[in-house]
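As a plain string of letters, each chain reads:
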Amino acid sequence: FEATLNPAHKIFDQLLDLVFIIDIALNFRTGFMNKEGEMCMKPRKIAAEYFRTWFLIDFVSAIPFEFFFDVFKLGSGGDDGESSS
């Protein structure tokens, strides 16, 4: 069983991957409320807070798994070990 994606679905999938990557970049420039209730806009502190909180989740969700599956399939010749005879 092999699911094939039509071109429109592949484009949508790639755009969605791009949106997640842009989201990561924007989170490095988005301030946060510190423990004193003040808005922190210092880039180093923003990065440290982001790495400490949401970065790992965002990073894993932004990995374009579909791309890697396609590359792996092409690299292995697309043969899944089944014969058609």
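Our structure's up above, just so we're on the same page.
Values in this document were obtained by computation on a predicted structure and should not be read as measured data.

Visitor: Is there a simple way to think about the overall build of the protein chain in this case?
Guide: Helix and strand content of the protein chain: four helices and two strands. In sequence order, the protein chain lays out its α and β elements as α-β-β-α-α-α. Within the protein chain, the proportion of its 85 residues that are buried is 12%. Contacts in the protein chain between residues far apart in sequence, at least 24 positions, make up 41% of those at least 6 positions apart. On the protein chain, roughly 7400 Å² of surface is accessible, and the fraction owed to carbon and sulfur atoms is 66%.

Visitor: Can you help me understand the pattern of salt bridges in this one?
Guide: Enumeration according to the criterion identifies one salt bridge in this entry. Here Glu49 ties to Arg52 by a salt bridge, and the two come within 3.0 Å at their closest N and O atoms. A residue pair is termed a helical-turn pair when its members lie 3 or 4 positions apart in one helix, as Glu49 and Arg52 do in helix 2 (residues 43-52) at three residues.

Rules behind the numbers
- Residues numbered from 1 in each chain as written.
- Predicted model: local features only at pLDDT ≥ 70, side-chain atom pairs only at ≥ 80, totals over all residues.
- Heavy atoms only, no water.
- Helix = DSSP H or I, 4+ residues; strand = E, 2+ residues; numbered from the N terminus.
- Buried < 20%, exposed > 50% of the residue type's maximum accessible area, 1.4 Å probe, protein only.
- Contact = heavy atoms within 4.5 Å.
- Areas by Shrake-Rupley, 256 points an atom, 1.4 Å probe, with all protein chains shown as cover.
- Salt bridge = Lys/Arg side-chain N within 4 Å of Asp/Glu carboxyl O.

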